[in-house]
Amino acid sequence: MSTGLIFGLTGLGVFVVGLCGALVLVDPLRRVLALKLCSVGAGFMLVVAAWKAPPEAPDPVPHALVITGIVVMISATAVALALIRRLHTLEHEHHD
Amino acid sequence: MIEMPAIDWLTAVVFAPLAGAILAFLLPRQAHWVGVGAVVLTALMASALVLQVLTEGAVVTPLGNWGAPLGIDLRADGLSATLMAMTTGVGLLVSLGALNSYAHHRAPERMRRYFWPLWLLLLSGLNGVYLSTDLFNLYVMLEVISLAAVGLTVLSGRIEAVRAGLEYMYASILGALLFLLGVGFVYLELGRLDFAGLLAAPPSPALGAALALMVAGLALKTALFPLHVWLPQAHANATAPASALLSALVVKASLYIVLRLAQYLLPLSEVLVALIGLLGVGAILWGSIQALRAERLKLLVAWSTVAQIGLVFVAFARAGADGVAESWKAAALLMLAHAIAKAAMFLAAGRIKEEIGHDRIRELDRSPVRPTLAQLSFALAAISLVGLPPSLGFAGKWILMEGAMTSGYWHWIAVTMIATMLSVAYFSRVLTGFLRFDRQRTTVGEHQGWALADAAPLTLALCALGLGLLAAPILAFMNIGYPFGGAP
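Residues numbered from 1 in each chain as written. Chains lettered and ligands numbered in written order. Predicted model: local features only at pLDDT ≥ 70, side-chain atom pairs only at ≥ 80, totals over all residues. Heavy atoms only, no water.

Looking at an unreviewed UniProt entry, one finds chain A named NADH-ubiquinone oxidoreductase and attributed to Ectothiorhodospira haloalkaliphila. Under the heading Subcellular location (unreviewed entry), UniProt records this for chain A: "Membrane". (UniProt positions renumbered as here; feature names shortened; annotations may be inferred.)

### Here's the deal with the overall build of chain B
Along the backbone of chain B there are 18 helices and two strands. Across its three principal axes, chain B shows a C-alpha extent of roughly 70 × 60 × 45 Å. Counting the 488 residues in chain B, one finds 63% classified as buried. In chain B, the proportion of contacts linking residues at least 24 apart, taken out of those at least 6 apart, comes to 80%. (Helix = DSSP H or I, 4+ residues; strand = E, 2+ residues; numbered from the N terminus. Buried < 20%, exposed > 50% of the residue type's maximum accessible area, 1.4 Å probe, protein only. Contact = heavy atoms within 4.5 Å.)

### Quick notes on the UniProt feature "transmembrane region" (unreviewed entry) in chain A
Taken from the UniProt record, the annotation "transmembrane region" (unreviewed entry) applies to residues 6-26, 33-51 and 63-84 of chain A. End C-alpha to end C-alpha, residues 6-26 of chain A measures 32 Å, and it is 90% helix and 0% strand.

### Topic: the interface of chain B and chain A
Each partner contributes residues to the interface: chain B has 30 residues there, and chain A has 36 residues. Summing both sides of the interface, chain B and chain A together bury roughly 2,900 Å²; the carbon and sulfur share of this comes to 85%. Across the chain B-chain A interface, the total number found is two salt bridges. Between the two partners, chain B and chain A, sit four residue pairs in polar contact (both at pLDDT 80 or more). At the level of secondary structure, the elements contributing two or more residues to the side of chain B that touches chain A comprise helix 5 (135-153) and helix 6 (159-190) of chain B. When residues in the side of chain B that touches chain A are grouped by element, the largest group, 18 residues, is from helix 6 of chain B. (Buried area = accessible area lost by both parts, 1.4 Å probe. Salt bridge = Lys/Arg side-chain N within 4 Å of Asp/Glu carboxyl O. Polar contact = N/O pair within 3.5 Å; in protein donor to acceptor, adjacent residues only side chain to side chain.)

### Here's the deal with the packing of helix 3 (residues 78-101) of chain B against helix 18 (residues 471-478) of chain B
Residues and elements named next belong to chain B. Look at helix 3 against helix 18: their axes get within 7 Å of each other, and the N-to-C directions meet at 125°. As the angle between them shows, helix 3 and helix 18 are arranged oblique. Judged by residue contacts, Gly78, Leu79, Ala81 and Thr82 of helix 3 engage Ile474, Phe477 and Met478 from helix 18. Counted by class, the contact of helix 3 with helix 18 contains five nonpolar, two polar and no charged residues. (Axes fitted to C-alpha atoms, helices over the stretch in contact; angles between N-to-C directions. Parallel < 35°, antiparallel > 145°, perpendicular 65-115°, else oblique. Nonpolar A, V, L, I, M, F, W, Y, C, P; charged D, E, K, R; others polar.)

### Considerations on the nonpolar core
One broad rule of soluble globular proteins: the nonpolar side chains tend to lie buried together. Residues and elements named next belong to chain B. Leu135, Phe179, Leu333 and Phe378 are the most contacted members of the largest nonpolar core, which totals 212 residues. In terms of residue count, helix 13 (residues 324-356) provides more of this core than any other element does, 21 residues in total. Those residues within four positions of Leu333 in sequence are excluded, and the remaining contacts are Leu392, Ala395, Gly396, Ile399, Ala471, Ile474, Leu475 and Met478. (Core = buried A, V, L, I, M, F, W, Y, C linked by side-chain atoms within 4.5 Å.)

### Some thoughts on the environment of B:Ala404
All names here are of chain B. Inspection of the secondary structure puts Ala404 in helix 15 (residues 392-406). Owing to a relative accessible area of 0%, Ala404 belongs among the buried residues under this scheme. Among all residues touching Ala404, those that are not within four sequence positions of it are Arg318, Tyr409, Trp412 and Ile413.

### Section: a nonpolar patch on the surface
All names here are of chain B. Taken together, the side chains of Ile22, Leu23, Phe25, Leu26, Leu27 and Tyr114 present a nonpolar region at the surface, about 580 Å² in accessible area. In terms of residue count, helix 1 (residues 9-26) provides more of the nonpolar patch than any other element does, four residues in total. With respect to the helices and strands, Leu27 occurs in the loop between helix 1 and helix 2 (31-56). (Patch = residues over 30% accessible without salt bridge, like charges linked within 9 Å, V, L, I, M, F, W, Y side chains within 5 Å. Areas by Shrake-Rupley, 256 points an atom, 1.4 Å probe, with all protein chains shown as cover.)

### Describing unusual backbone geometry
Residue and element names in this part refer to chain B. Residues Phe225 and Pro226 are joined by a peptide bond in cis, for which omega reads 0°. In this fold, Pro226 is placed in the loop between helix 8 (205-222) and helix 9 (231-237). Here the residue pair Pro389 and Pro390 is connected by a cis peptide bond, since its omega of 5° sits within 30 degrees of zero. Within the fold, Pro390 resides in the loop between helix 14 (372-386) and helix 15. Positive phi, normally seen in glycine, also occurs at Asn65, with a value near 55°.

### What to know about the packing of aromatic side chains
Residues and elements named next belong to chain B. Summed over the entire model, instances satisfying the criterion amount to 12 aromatic pairs over all chains. Here the aromatic rings of Tyr130 and Tyr256 are separated by 5.3 Å at their centres, their planes lie at 85°, and the arrangement is edge-to-face. On the criterion of sequence distance, the pair formed by Tyr130 in helix 4 (residues 109-131) and Tyr256 in helix 10 (residues 240-264) is long-range, its members being 126 residues apart. Using a relative accessible area of 1% as the deciding quantity, one classes Tyr256 as buried. An aromatic cluster is present here, built from Phe378, Tyr426, Phe427 and Phe434 joined pairwise through their rings. (Phe/Tyr/Trp six-rings, centres within 6.5 Å; stacked < 30°, edge-to-face > 60°.)

### What to know about the confidence of the model for chain B
All names here are of chain B. Residues of chain B with pLDDT of at least 70 account for 93%, and the chain-wide mean is 88. Ranking the elements of chain B by mean pLDDT puts helix 7 (residues 195-200) last, at 85, and helix 5 first, at 95. Confidence metrics for the complex model read pTM 0.94 and ipTM 0.95. (pLDDT = per-residue confidence, 0-100.)

### Digging into the packing of helix 15 of chain B against helix 16 (residues 410-435) of chain B
Residues and elements named next belong to chain B. Two elements in contact, helix 15 and helix 16, have axes separated by 7 Å at closest approach and are oriented at 155°. Classified by the angle between their axes, helix 15 and helix 16 sit roughly antiparallel to one another. Considering how the two elements wind past one another, helix 15 and helix 16 form a crossing that is left-handed. The residues of helix 16 that touch helix 15, namely those facing Lys397, Leu400, Met401, Ala404 and Met405, are Trp410, Trp412, Ile413, Thr416, Met417, Thr420 and Ser423. Among the residues making up the contact of helix 15 with helix 16, the classes are represented as eight nonpolar, three polar and one charged. (Left-handed = near helix turned anticlockwise from the far one by under 90°.)

### So, helix 2 of chain B
Taking 1.5 Å of rise per residue, 26 residues should cover 38 Å, and helix 2 of chain B covers 37 Å from first to last C-alpha, within 8% of that figure. Positive phi appears at B:Gly57, one or two residues downstream of helix 2 of chain B, with a value of about 85°. (Expected span 1.5 Å × (residues − 1).)

### Quick notes on the pattern of salt bridges
Residues and elements named next belong to chain B. Scanning the entire structure with this criterion turns up 11 salt bridges over all chains. Put simply, Asp194 and Arg192 hold a salt bridge, and the shortest N to O gap is 2.8 Å. Under the relative-accessibility criterion, Asp194 is labelled buried at 3%. Its relative accessible area of 30% is what places Arg192 among the partly exposed residues.

Encoded structure:
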């Protein structure tokens with residue numbers, strides 16, 4: 001098995017684990033973490049696309065894409081966490 | 001004589017609202033003036049772009065002169081220009097409605113302050129989607145749209161809205177990540193992501209998988225049955241102008257990308273087309289049934305969005321083996337019709353709730369207050385969504401059925417008819433409530449609920465009704481730059 005294939009399958013595996021989590025889990029925080037796993041998996045696929053046989057330098061474009069993807073995911077996670085906190089506070093007030 | 005440098009409208013329509021968003025955020029007290037100003041400015045720029053496309057054909061700007069495949073190109077053809085005109089036009093009227101509805105001093109400070117930056121950010125993302133010619137750029141723009149749309153959903157700060165917004169956020173992130181995984185597959189296979197590169201690529205299993213992943217992600221974002229679960233609560237619990245933007249414009253961005261993918265990536269396989277059509281039928285039936293059962297006006301309108309999106313997917317699917325070269329016209333017209341009519345309908349529903357004080361459908365006929373103009377706007381929008389002539393909805397459905405007849409797909413005609421019948425049924429529930437006068441205990445008051453705020457929904461509803469007469473020129477304009485076949 002080539003390095004690329006191993007990495008690619010791992011990335012896909014990680015994505016699927018995250019996908020199952022996002023669909024099955026109930027706890028809001030765990031769902032966010034599951035989505036983070038998905039993003040790691042998708043990022044993996046892009047990193048694999050950068051790989052080239054050793055004498056050649058890796059393709060820099062996917063690296064730039066992954067970094068952009070990470071930034072996007074950080075903002076999305078931040079918004080999701082903020083919403084979870086607000087929901088928590090509101091539910092607390094609701095019960096009191 | 002000094003020659004003025006030509007303004008590049010493609011870059012301007014993306015960056016003007018973005019700059020406006022930042023400015024509106026920095027100047028919270030003037031946010032509404034900055035907001036309306038930026039939307040008007042963007043609408044003017046979009047009109048200039050429409051004129052340019054009309055006179056010169058498709059326009060391309062390589063950002064920073066890098067050029068594809070490494071750089072990012074912005075391109076406007078007839079289809080993108082039409083959708084941009086739709087977005088800025090609907091957006092401008094919704095903004096005027098919002099100006100009025102958030103101007104009340106009973107509206108919380110937070111709404112007045114944050115609506116404008118979020119909406120301008122959304123506008124920037126939408127225009128970005130229409131002009132992108134690169135898969136990764138589309139992913140980024142989709143995320144910009146998601147973040148702004150979730151913000152608009154939770155704007156009221158009520159617990160139901162926050163809960164719905166969080167569900168929307170999960171669906172949105174997952175949809176975007178499925179899309180990103182598909183983008184990864186494409187890069188792995190082709191080593192480039194620009195549309196021109198996709199067009200040249202020979203079909204392969206990896207590209208097929210990539211297309212399936214991207215379409216699945218977009219279906220989640222556009223709420224195609226059975227991935228629609230987040231939509232009704234999110235759209236029903238947002239404030240009226242936000243619902244109008246979410247339902248009219250945000251779902252259209254993902255639909256537009258599906259159209260583009262079908263154009264550039266691969267001829268959709270028979271199996272995928274059949275599946276899309278089947279899910280569309282599911283959406284029509286389930287969305288209509290839920291709309292028939294809904295107790296609240298806004299929830300009914302939100303469920304009708306699910307059904308109408310189903311119809312757009314049926315329009316995608318009906319051409320079958322003929323490919324999208326034909327079926328995109330019906331889909332594009334239906335998208336346009338839905339955007340205008342649904343914006344009118346959500347604004348009208350918001351006005352009705354404001355005047356009557358509730359939006360329980362069963363008790364509409366008991367109200368002594370009848371906001372006449374808002375009810376009229378609602379009815380006119382319903383006419384376009386049902387598809388009576390001469391509305392834009394009628395033109396869309398007509399082309400859908402005409403195409404289905406010529407290619408002999410009679411089942412799609414049956415589906416369209418059933419969709420029409422069901423939409424008559426669920427909108428009648430509301431319209432009877434408007435028209436019955438024997439159940440209210442007091443006499444109908446002098447106050448008929450006329451207000452300046454009715455101008456926006458009424459204008460939109462009249463456009464939805466009247467633009468059907470212009471369906472042929474609109475279609476001819478959309479075909480500029482040959483978005484779907486013909487000459488290259």
